[in-house]
Amino acid sequence: MNQLAHLRELLAARQERRSPLDSVGTEPDYRFSLANERTYLAWVRTALALLAGGVAVVQLVPNFWVDWARELLGVILVVLATAIAATSYARWQRRERAMRVGGPLPASLLPWVTGVGLAVVSLLALAFILIDIARGEG
Amino acid sequence: MEPELPPPPDSGLQSERTYLAWLRTALSFAGLGALLLHSALSDRPALLAPGILGMATGAALAVIARQRYRMVVGAVIVGRSPVDHRLVAAASAAATAVGLSALVVFLIG
């Protein structure tokens, strides 16, 4: 009996997770929803800027001595950008949902991933430039 | 299209800042689209599709941003949630599509 009640609770919780956004909890303060929307837009612009950086490094930057350097930098940037863009809707929705039910905002690995990704790209670019300088081509 | 937008109803100007955030996003799409089109016309014709998609999304979002602003102003005045998931989903989908197609071009070509 106890187990049945527990199962029912689990099912109800699952139902709640699945239900469309506007049927969960109560409408949050519009300022919070708009702040969530602007944060989402800032992530989309970050993705677009990384994408532009990736395209520019492949298409516009002169070749390095390491001849796959531009492709490597470009692909890392474009992958990072695509990952941010592809997860941006879910991130926005999770936060809107948390606001509606009054729970804590969910944690996200994305700031860490973005920071590490950019650090890797910067260090690689520095290494490629130093190699060019060392060979007298810089 | 009415040239004049309604005045912001909220003294914190959240609605106007959100409108500007959509406009900046539209500009980012258009700028990226221009870069892709430039690359397509100089030496990588495969970038034509993501370039057109970026430019078209930028243009569409610039128009939609105005409607979105009016909608937000209306929602704030009547005290309803101004959320619009379909617009959020569409902008995410467009950015993802541009990213994926550029990635495919770089990995294959």
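Residues numbered from 1 in each chain as written. Chains lettered and ligands numbered in written order. Predicted model: local features only at pLDDT ≥ 70, side-chain atom pairs only at ≥ 80, totals over all residues. Heavy atoms only, no water.

### So, the overall build of chain A
1) Next: Looking only at helices and strands, one finds four helices and zero strands in chain A.
2) Next: Counting from the amino terminus, helix and strand elements in chain A follow one another as α-α-α-α.
3) Next: A burial count over chain A gives 36% of its 138 residues as buried.
4) Next: Within chain A, residue pairs in contact and separated by at least 24 positions form 76% of the contacts whose partners lie at least 6 positions apart.
5) Next: For chain A, the computed accessible surface area is about 7,900 Å², with 65% contributed by carbon and sulfur atoms. (Helix = DSSP H or I, 4+ residues; strand = E, 2+ residues; numbered from the N terminus. Buried < 20%, exposed > 50% of the residue type's maximum accessible area, 1.4 Å probe, protein only. Contact = heavy atoms within 4.5 Å. Areas by Shrake-Rupley, 256 points an atom, 1.4 Å probe, with all protein chains shown as cover.)

### What about unusual backbone geometry?
Residues and elements named next belong to chain B.
1) Next: Despite not being glycine, Leu13 shows a phi value in the positive range, around 55 degrees.
2) Next: Here Leu13 lies in the segment before helix H1 (14-42).
3) Next: Residue classification places Leu13 among the partly exposed residues on the basis of a relative accessible area of 38%.

### Topic: the packing of H1(B) against helix H3 (residues 85-108) of chain B
All names here are of chain B.
1) Next: Across the interface, H1 lies against H3 with an axial gap of 12 Å and an inter-helix angle of 20 degrees. In terms of orientation, H1 lies roughly parallel with respect to H3. In this structure, H1 crosses over H3, and the sense of that crossing is left-handed. Counted together, Trp22, Phe29, Leu32 and Leu36 of H1 and Leu87, Ala91, Ala94, Ala95 and Val98 of H3 form the full contact between these two elements. (Axes fitted to C-alpha atoms, helices over the stretch in contact; angles between N-to-C directions. Parallel < 35°, antiparallel > 145°, perpendicular 65-115°, else oblique. Left-handed = near helix turned anticlockwise from the far one by under 90°.)

### Re the environment of A:Trp65
1) Next: As for its placement among the helices and strands, A:Trp65 is situated in the loop between helix H2 (30-59) and helix H3 (69-101).
2) Next: Separated by 70 residues in sequence, A:Trp65 and A:Arg135 place their C-alpha atoms 8.4 Å apart.

### Let's talk about the interface of chain A and chain B
For an interface, size is often stated in terms of accessible area lost upon the parts coming together.
1) Next: Between chain A and chain B, the residue contacts involve 34 residues of the former and 41 residues of the latter.
2) Next: Between chain A and chain B, roughly 3,300 Å² of surface is buried when both sides are summed, and carbon and sulfur atoms account for 70% of that area.
3) Next: A salt bridge links A:Glu37 to B:Arg68; the shortest N-O distance between them is 2.5 Å.
4) Next: If you list the elements that add at least two residues to the side of chain A that touches chain B, you get H2 and H3 of chain A.
5) Next: Sorting elements by how many residues they give to the side of chain A that touches chain B places H2(A) first, with 19 residues.
6) Next: Its residues assigned to classes, the side of chain A that touches chain B shows 21 nonpolar, five polar and eight charged. (Buried area = accessible area lost by both parts, 1.4 Å probe. Salt bridge = Lys/Arg side-chain N within 4 Å of Asp/Glu carboxyl O. Nonpolar A, V, L, I, M, F, W, Y, C, P; charged D, E, K, R; others polar.)

### As for the environment of A:Glu37
1) Next: Summarising the element assignment, A:Glu37 is placed in helix H2.
2) Next: Given the relative accessible area of 2%, A:Glu37 is considered buried.
3) Next: Counting along the chain gives 56 residues from A:Glu37 to A:Gln93, while the straight-line C-alpha distance between them is 9.7 Å.
4) Next: Those residues within four positions of A:Glu37 in sequence are excluded, and the remaining contacts are A:Trp92, B:Thr18, B:Trp22 and B:Arg68.

### Considering H3(A)
Residues and elements named next belong to chain A.
1) Next: An ideal rise of 1.5 Å per residue puts 48 Å on 33 residues; H3 measures up with 48 Å between its terminal C-alpha atoms.
2) Next: Roughly 45 degrees is the biggest bend found in H3, and it falls at Ser88.
3) Next: Looking one or two residues past H3, Gly102 carries a phi angle of roughly 75 degrees, positive in sign. (Expected span 1.5 Å × (residues − 1). Bend = angle between axes of the 7 residues up to and from the residue.)

### Notes on the packing of aromatic side chains
All names here are of chain A.
1) Next: Enumeration according to the criterion identifies four aromatic pairs over all chains in this entry.
2) Next: Centroid distance Trp68 to Phe128: 5.9 Å. Interplanar angle 85 degrees. Geometry classified as edge-to-face. Here Trp68, found in the loop between H2 and H3, pairs with Phe128, found in helix H4 (residues 110-134); they are 60 residues apart in sequence, far enough to count as distant.
3) Next: Relative accessible area serves as the criterion here: at 5%, Phe128 is assigned to the buried category. (Phe/Tyr/Trp six-rings, centres within 6.5 Å; stacked < 30°, edge-to-face > 60°.)

### A look at the pattern of salt bridges
1) Next: Summed over all chains, the structure comprises three salt bridges over all chains.
2) Next: Put simply, B:Arg80 and A:Glu27 hold a salt bridge, and the shortest N to O gap is 2.7 Å. Of this pair, B:Arg80 sits in the loop between helix H2 (48-78) and H3 while A:Glu27 sits in the loop between helix H1 (2-18) and H2, each in a different chain.
3) Next: Given the relative accessible area of 51%, B:Arg80 is considered exposed.

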